[in-house]
Amino acid sequence: MLENQVAVVTGGARGIGRAIALALAEEGAAVIINCNGSVEKAQETAREIQEAGGQAEVCPFNVADYEAVEKAFADILARHGRIDILVNNAGITRDGLLMRMKEEDFNSVIDINLKGAYHCSKWAVKAMIKQRSGRIINISSVSGVTGNAGQVNYSASKAGLIGMTKSIAREVASRGITVNAVAPGFIETDMTDVLSDKVKENAAATIPLGHFGKPEDVADAVVFLASEKSRYITGQVLHVDGGMVM
Ligand code: NAP
């Protein structure tokens, strides 16, 4: 379905990003796996794709670093000549109640989750406009839709991503580029592994389908939004949350 397409997945070494990289590669895309700290894990993911007959390479950079992103995208374009799919997946949490939240914890979450997507989208869109085609998929969160106590920074970044999705969608629709967001609920990754059993139990009780999702549940939605099958969909937020938000 995605043969001859070049996809960039930020934070593709582990968790949801890894599942997205594997799923896009399975559909035939050449996948550029971005990572920041997890270089070895990114290489493992790339190897797994190559061993299955797919195309993958690792591209380490910090999405929060404007110049590093500009350079990385210039390199990707020099090597591949195009970027068809960008998945802005890299994200962190630095949870805490507002009154105790340190400025650095607010800033780092905004810098990586929100500004990182701006940096990557800016350079990807430049290539996509020339191609007159492209897909950008931003990984938001239910937190960005409903808000969440203890996640002032995170929910602001994820709500910001939804606004950014809609604005870029409007700017580039006439160039054949679609921009959508996916809003996962609770997904089993390192990010949710740190939650206590009690918190996990309480969270599961708020999910109509009764359990946490898997990274592959998010990846399947991303593949759809990256494919031709979603051609008439732009500026939307697709919830992958077991029915948490209706
Ligand atoms: P995770 O397992 O903690 O993985 C986070 C990923 O983000 C890692 O691959 C990490 O790469 C990357 N990353 C962090 N800072 C980065 C930076 N400065 N530059 C480049 N990459 C960076 O989290 P996850 O659960 O897979 O989350 C993936 C996305 O889904 C995030 O945006 C998250 O907010 C969102 N989400 C997750 C859930 C959930 O329940 N898990 C729910 C809603 C939304 P390195 O290890 O290489 O640093």
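The present account deals with the structure reproduced in this document. All of these numbers come straight from a predicted model, not from anything done at the bench. (Residues numbered from 1 in each chain as written. Predicted model: local features only at pLDDT ≥ 70, side-chain atom pairs only at ≥ 80, totals over all residues. Heavy atoms only, no water.)

## Let's talk about empty space enclosed by the protein
Right, on to step 1. Counted by the stated rule, this structure contains 1 cavity of 30 Å³ or more.
Right, on to step 2. Computed from the structure, the largest cavity encloses a volume of approximately 40 Å³.
Right, on to step 3. Considering the residues around the largest cavity, the lining is formed by Thr-10, Val-63, Asn-88, Asn-89, Ala-90, Ile-112, Asn-113, Gly-116 and Ala-117.
Right, on to step 4. It is helix 4 (residues 103-131) that contributes the most residues to the lining of the largest cavity, 4 residues altogether.
Right, on to step 5. Looking at side-chain class alone, the lining of the largest cavity contains 4 nonpolar, 5 polar and no charged residues. (1 Å grid on protein atoms, 1.4 Å probe; cavity = no way out; pocket = protein on both sides within 12 Å on 5 of 7 lines; lining within 4 Å. Points joined across faces, edges and corners; volume = space filled by probe spheres on them. Helix = DSSP H or I, 4+ residues; strand = E, 2+ residues; numbered from the N terminus. Nonpolar A, V, L, I, M, F, W, Y, C, P; charged D, E, K, R; others polar.)

## What to know about the packing of aromatic side chains
Right, on to step 1. All told, the structure shown has 4 aromatic pairs when counted by the stated rule.
Right, on to step 2. Judged by centre distance (6.4 Å) and plane angle (35°), the ring pair of Tyr-66 and Tyr-118 falls under tilted. Placement of Tyr-66 in helix 3 (residues 66-80) and of Tyr-118 in helix 4 is noted, with a sequence separation of 52 residues between them.
Right, on to step 3. With a relative accessible area of 36%, Tyr-118 lands in the partly exposed category. (Phe/Tyr/Trp six-rings, centres within 6.5 Å; stacked < 30°, edge-to-face > 60°. Buried < 20%, exposed > 50% of the residue type's maximum accessible area, 1.4 Å probe, protein only.)

## Focus on the site of the ligand
Right, on to step 1. Residues in contact with the ligand amount to 30 residues; listed here are only the nearest, Ser-38, Asn-62, Asn-89, Tyr-154 and Thr-189.
Right, on to step 2. In the environment of the ligand, an oxygen atom lies 2.4 Å from a nitrogen or oxygen atom belonging to the side chain of Ser-38.
Right, on to step 3. A distance of 3.2 Å separates an oxygen atom of the ligand from a polar atom in the backbone of Gly-185.
Right, on to step 4. Within the complex, 95% of the 890 Å² of free accessible area of the ligand lies under protein.
Right, on to step 5. Here the ligand occupies the largest pocket.
Right, on to step 6. Looking at the shell around the ligand, the elements with two or more residues in it are helix 1 (15-26), strand 2 (30-35), helix 6 (152-172) and helix 7 (190-193).
Right, on to step 7. No other element matches helix 7, which puts 3 residues into the shell around the ligand.
Right, on to step 8. Here the residues of the shell around the ligand are counted per class, giving 13 nonpolar, 14 polar and 3 charged. (Near = heavy atom within 4 Å. Polar contact = N/O pair within 3.5 Å; in protein donor to acceptor, adjacent residues only side chain to side chain. Areas by Shrake-Rupley, 256 points an atom, 1.4 Å probe, with all protein chains shown as cover. Sits in = over half its atoms within 2 Å of the grid points.)

## A short note on the packing of helix 4 against helix 6
Right, on to step 1. It is the contact of helix 4 with helix 6, at a shortest axis distance of 8 Å, that shows an interaxial angle of 15°. As far as their axial angle goes, helix 6 and helix 4 are roughly parallel. Crossing of helix 4 over helix 6 shows right-handed handedness. Residues Asp-105, Phe-106, Val-109, Ile-110, Asn-113, Leu-114, Ala-117, Tyr-118, Ser-121, Val-125 and Ile-129 of helix 4 lie in contact with helix 6, whose contacting residues are Val-152, Asn-153, Tyr-154, Ala-156, Ser-157, Lys-158, Gly-160, Leu-161, Met-164, Ile-168 and Val-172. (Axes fitted to C-alpha atoms, helices over the stretch in contact; angles between N-to-C directions. Parallel < 35°, antiparallel > 145°, perpendicular 65-115°, else oblique. Left-handed = near helix turned anticlockwise from the far one by under 90°. Contact = heavy atoms within 4.5 Å.)

## A closer look at the packing of helix 3 against helix 4
Right, on to step 1. Relative to each other, helix 3 and helix 4 sit at 30°, their axes nearing to 9 Å. By the angle class used here, helix 3 and helix 4 are roughly parallel. Judged by the sense of rotation from one axis to the other, the crossing of helix 3 with helix 4 is right-handed. Residues Tyr-66, Val-69, Glu-70, Phe-73 and Leu-77 of helix 3 lie in contact with helix 4, whose contacting residues are Tyr-118, His-119, Cys-120, Lys-122, Trp-123, Ala-124 and Ala-127.

## Some points on unusual backbone geometry
Right, on to step 1. Unlike most non-glycine residues, Asn-4 shows phi in positive territory, near 65°.
Right, on to step 2. Looking at the secondary structure, you find Asn-4 in the segment before strand 1 (6-9).
Right, on to step 3. At Arg-132, a position not held by glycine, the phi torsion is positive, near 60°.
Right, on to step 4. Tracing the sequence through the fold places Arg-132 in the loop between helix 4 and strand 5 (134-139).

## What to know about the sheet that holds strand 5
Right, on to step 1. A sheet is described by the order of its strands in space; here 7 strands give the open sequence 3-2-1-4-5-6-7, paired in parallel fashion. The strands lining the two open edges of the sheet, one partner per strand, are strand 3 (55-60) and strand 7 (237-240). On average, each strand axis in the sheet is inclined to that of its neighbour by 20°, with strand direction left out of account.
Right, on to step 2. In this sheet, strand 4 (residues 85-88) lies alongside strand 1 in parallel orientation, the contact comprising 3 bridges. Within strand 4, the position partnered with Val-8 by the bridge is Leu-86.
Right, on to step 3. Of the strands in this sheet, strand 1, strand 2, strand 4 and strand 5 are in contact with helix 1, which crosses strand 1 at around 170°.
Right, on to step 4. The sheet strands contacting helix 9 (residues 215-226) are strand 4, strand 5, strand 6 (177-184) and strand 7, and the helix crosses strand 5 at an angle near 155°. (Pairing = 2+ DSSP bridges.)

## Some thoughts on the nonpolar core
Right, on to step 1. In this structure, Ile-20 and Leu-24 are the most contacted members of the largest nonpolar core, which totals 33 residues.
Right, on to step 2. Listing elements by their share of this core, those giving two or more residues are strand 1, helix 1, strand 2, helix 2 (39-51), strand 4, strand 5 and helix 9.
Right, on to step 3. The residues contacting Ile-20, other than those within four sequence positions of it, are Val-9, Val-87, Asn-89, Ile-139, Ala-219 and Val-222.
Right, on to step 4. In terms of nonpolar packing, the next biggest core, distinct from the first, is built from 29 residues, Ile-32, Ile-76, Ala-117 and Ile-136 among them. (Core = buried A, V, L, I, M, F, W, Y, C linked by side-chain atoms within 4.5 Å.)

In short, shape yes, function no, at least from these values alone.
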